[in-house]
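# Observations on the model geometry
Here's the letter readout for the chains.
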Amino acid sequence: MSEMSEIKCPHCGKNFKVDEAGFADILKQVHTQEFDRELHTRIELLEKEKDNAVKLAEEKTKNELQAESAKQEAEIAQLKADKALALSKLESERMSELAELKAKGEAELARLQAKIESADTEKKLALSEAVNKLEKERDEIANQLKSKDTEKQLMESSLREKYTSELQSKDDKYSSELKSKDEMIAQYKDMKAKLSTKMVGETLEQHCEIEFNKLRATAFQNAYFEKDNDASGGTKGDYIYRENDQNETEIISIMFEMKNESDETATKKKNEDFLSKLNDDRNKKGCEYAVLVSLLESDSEFYNSGIVDMSYKYPKMYVIRPQFFIPIITLLRNAAMNSLQYKSELAIVRAQNIDITNFEEDISTFKDAFATNYERAGRKFGEAIDGIDKTIKQLEKTKESLLSSERNLRLANDKAQDLTIKKLTRDNPTMTEKFKSTKNE
């Protein structure tokens, strides 16, 4: 029974399962022009939607940060102004009261002084009463000053608690936004990770053979896929794939070479180092295509983008990662099956000594069109991965901006906590002198 794979619909987001035969049927549609147009249209639409969503998120985040920053600065300025106004009002009231009390005391002393001059007894009595009254008024003034100081401390404490509460609320909001951004980054990274395939088996050759054998009984019943053990020509490849129709007419043949990074530990090799030998092995064994399945140059964006067409160096040659092993066989096989009818008719025409120029041109045109469409599909695959990488980087930048804003808010809170009357009057001699005189009185 074929293995079921889960696929997520890019439009509705719904997951559904499909077996290997169904996956092969989907891939058979790649070469049709109608599918290419539909794919191209949907990719452009998705790209536009993604760009618009990213731009909208960036603009919204930027506007929110600017609005929050302006609001916080206005609130801080208002709190400072309110505090300064309250302190100024308290100081003014206290100075006014002190001046009034002082004026009253001086008037009372003058009146008493006049009485003292008229009579010593009255003077002593008046003086005693005046002293008692002044002492009482002094105690009242001291109590009033103490009450004012307590009121001032309570106001400072209230302002500090209000500002701290507001900062804590904003800090909680930014923490929630940071958590949301982290979750989005994790989702994009998980999406990118799912584009790769985990190897099975101890070696790359075992992995490819196991993957092929999973589908041999269902999708490749008439195919030959075995190791190349014929070294009579001096060299040999790793695996040969051949498939014939019921008339023993060859449909397709592929020479495979597998290269793992661990195979070359002394000096790191490049993929191009093996293309010449692979081309020679393909020609010696009479294979139509040559495919290098490679894990070399693992950091290369060129080879990680998908199926790489190397026909500009060697004809009908491709370099792929292991996850594209089955897809490359399916794509080349489907293209060959479409041209099988042309091959059969061409063989009949040649047997009857009929001009075959037009048939060969049709086959050549079909192969060129297939190669072009295939190259476009591979390029779009690479562009999709690049888009995901760019989105992850942009979200990480947004996260850094939020963290920077949170640090600035924390510093502002620390400065507000450190704000005292002593620091406010440090560089203000007038206010310092007034506070000193008030304490001395």
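Residues numbered from 1 in each chain as written. Predicted model: local features only at pLDDT ≥ 70, side-chain atom pairs only at ≥ 80, totals over all residues. Heavy atoms only, no water.

## Re the overall build of the chain
Assigned secondary structure in the chain consists of ten helices and eight strands. For the chain, the residues scored as buried account for 31% of the 441 residues in total. At a minimum sequence separation of 6, the contacts of the chain that also span at least 24 residues come to 64%. When the accessible surface of the chain is totalled, it reaches about 28200 Å², and 51% of it is carbon and sulfur. (Helix = DSSP H or I, 4+ residues; strand = E, 2+ residues; numbered from the N terminus. Buried < 20%, exposed > 50% of the residue type's maximum accessible area, 1.4 Å probe, protein only. Contact = heavy atoms within 4.5 Å. Areas by Shrake-Rupley, 256 points an atom, 1.4 Å probe, with all protein chains shown as cover.)

## Digging into the confidence of the model for the chain
Model confidence for the chain is summarised by a mean pLDDT of 75, while 69% of its residues fall at 70 or above. Mean pLDDT across the secondary structure elements of the chain bottoms out at helix H9 (residues 421-424), with 59, and peaks at strand E8 (residues 317-320), with 95. Across residues 190-198, confidence stays below pLDDT 50; counting only partners more than four residues off in sequence or on other chains, it has ten contacts. (pLDDT = per-residue confidence, 0-100.)

## Examining the nonpolar core
Tyr241, Phe256, Val293 and Phe325 are the most contacted members of the largest nonpolar core, which has 29 residues in total. Listed by contribution, the elements that provide at least two residues to this core are helix H4 (204-216), strand E3 (223-227), strand E4 (239-244), strand E5 (250-259), strand E6 (289-294), E8 and helix H7 (325-351). Take this core: its biggest share by element is eight residues, from H7. Not counting residues within four places of it along the chain, the set of residues in contact with Val293 comprises Leu204, Cys208, Phe256, Glu257, Met258, Lys259, Ile320, Arg321, Pro322 and Phe325. If you look at the next biggest cluster of nonpolar residues, it comprises 14 residues, including Met255, Leu278, Leu296 and Tyr303. (Core = buried A, V, L, I, M, F, W, Y, C linked by side-chain atoms within 4.5 Å.)

## A closer look at the packing of aromatic side chains
On inspection of all chains with the given rule, the structure shows nine aromatic pairs. Ring plane angle 10° and centroid distance 4.9 Å describe the contact between Phe225 and Tyr239, whose orientation is recorded as stacked. With a gap of 14 residues between them, Phe225 in strand E3 and Tyr239 in strand E4 connect regions that are remote in the sequence. Accessibility assignment for this pair places Phe225 and Tyr239 in one class, buried. Counting every residue linked through ring pairs, the aromatic cluster contains Phe212, Phe220, Phe225, Tyr239, Tyr241, Phe256 and Phe325. The lysine or arginine in question, Lys316, covers the ring of Tyr289, its NZ or CZ lying 5.4 Å from the ring centre. (Phe/Tyr/Trp six-rings, centres within 6.5 Å; stacked < 30°, edge-to-face > 60°. Lys NZ or Arg CZ within 6 Å of the ring centre and 35° of its normal.)

## Some words on the side chain of Asp281
Along the chain, Asp281 falls in helix H5 (residues 275-284). Apart from the residues lying within four places of it in its own chain, the contact partners of Asp281 are Thr235, Lys236, Gly237, Met255 and Glu257.

## Examining the environment of Asp386
Structurally, Asp386 is set in helix H8 (residues 357-417). Spatially, the C-alpha atom of Asp386 lies 9.0 Å from that of Ser305, the residues being 81 residues apart in sequence.

## Notes on the pairing of E4
Within a regular strand, the side chains alternate between the two sheet faces. Across five bridges, E3 lies against E4 in antiparallel orientation. Paired with Phe225 across the bridge in E4 is Tyr241. Here E4 pairs with E5 via six bridges, running antiparallel. Paired with Ile240 across the two strands is Met255, which belongs to E5. Connecting E4 to the next strand, E5, in antiparallel fashion are five residues, including Glu248 with a positive phi near 65°. (Pairing = 2+ DSSP bridges.)

## Topic: the pattern of salt bridges
Note on pairing: side chains with opposite charge can pair once their charged atoms come close. Scanning all chains against the criterion turns up twelve salt bridges. Here Glu47 makes a salt bridge to Lys50, at a shortest N to O gap of 3.4 Å. Of this pair, Glu47 and Lys50 both sit in helix H2 (residues 33-118), three residues apart, which is roughly one turn of that helix. Between Asp281 and Lys277 there is a salt bridge whose closest N-O contact spans 2.8 Å. A residue pair is termed a helical-turn pair when its members lie 3 or 4 positions apart in one helix, as Asp281 and Lys277 do in helix H5 at four residues. You can call Asp281 buried: its relative accessible area is 1%. One salt-bridge network, in which partners are shared between bridges, spans Glu257, Lys259, Lys277 and Asp281. (Salt bridge = Lys/Arg side-chain N within 4 Å of Asp/Glu carboxyl O.)

## Quick word on H5
Of the residues making up H5, those classed as buried are Leu275, Leu278, Asn279, Asp281 and Arg282. An end-on view of H5 places all buried positions within 165° of arc, on one side of the element. Of the residues one or two after H5, Gly286 is the one with positive phi, at around 70°. (Arc of directions from axis to C-beta.)

## Some thoughts on the sheet that holds E4
Ordered in space as E3-E4-E5-E6-E8-E7, the six strands form an open sheet in which the pairing is mixed. Among the strands making up the open sheet, the edge pair consists of E3 and strand E7 (308-309). In terms of strand pairing, E6 meets E8 through four bridges, oriented parallel. Note on E8: the bridge partner recorded for Val291 is Tyr318. The strands that H4 touches are E3, E4, E5 and E6; relative to E3, the one it contacts most, it runs at about 160°. (Axes fitted to C-alpha atoms, helices over the stretch in contact; angles between N-to-C directions.)

## Let's talk about H4
Relative to the 18 Å expected for 13 residues at 1.5 Å per residue, H4 spans 18 Å between its end C-alpha atoms, a close match to the ideal helical length. Within H4, the full set of buried residues consists of Leu204, His207, Cys208, Glu211, Phe212 and Leu215. All buried residues of H4 project into a common sector of 125° when viewed along the axis, lining one side. (Expected span 1.5 Å × (residues − 1).)

## Considering the environment of Lys259
With respect to the helices and strands, the residue Lys259 is situated in strand E5. Distance in space between the C-alpha atoms of Lys259 and Leu292 is 7.5 Å, their sequence separation being 33 residues. If sequence neighbours within four positions are ignored, Lys259 has contacts with Leu204, Phe274, Leu292, Val293, Ser294, Leu295 and Leu296.

## Digging into unusual backbone geometry
Non-glycine residue Glu297 carries a positive phi angle of around 50°. Tracing the backbone through its elements, the reader meets Glu297 in the loop between E6 and helix H6 (301-304). Given the relative accessible area of 24%, Glu297 is considered partly exposed.

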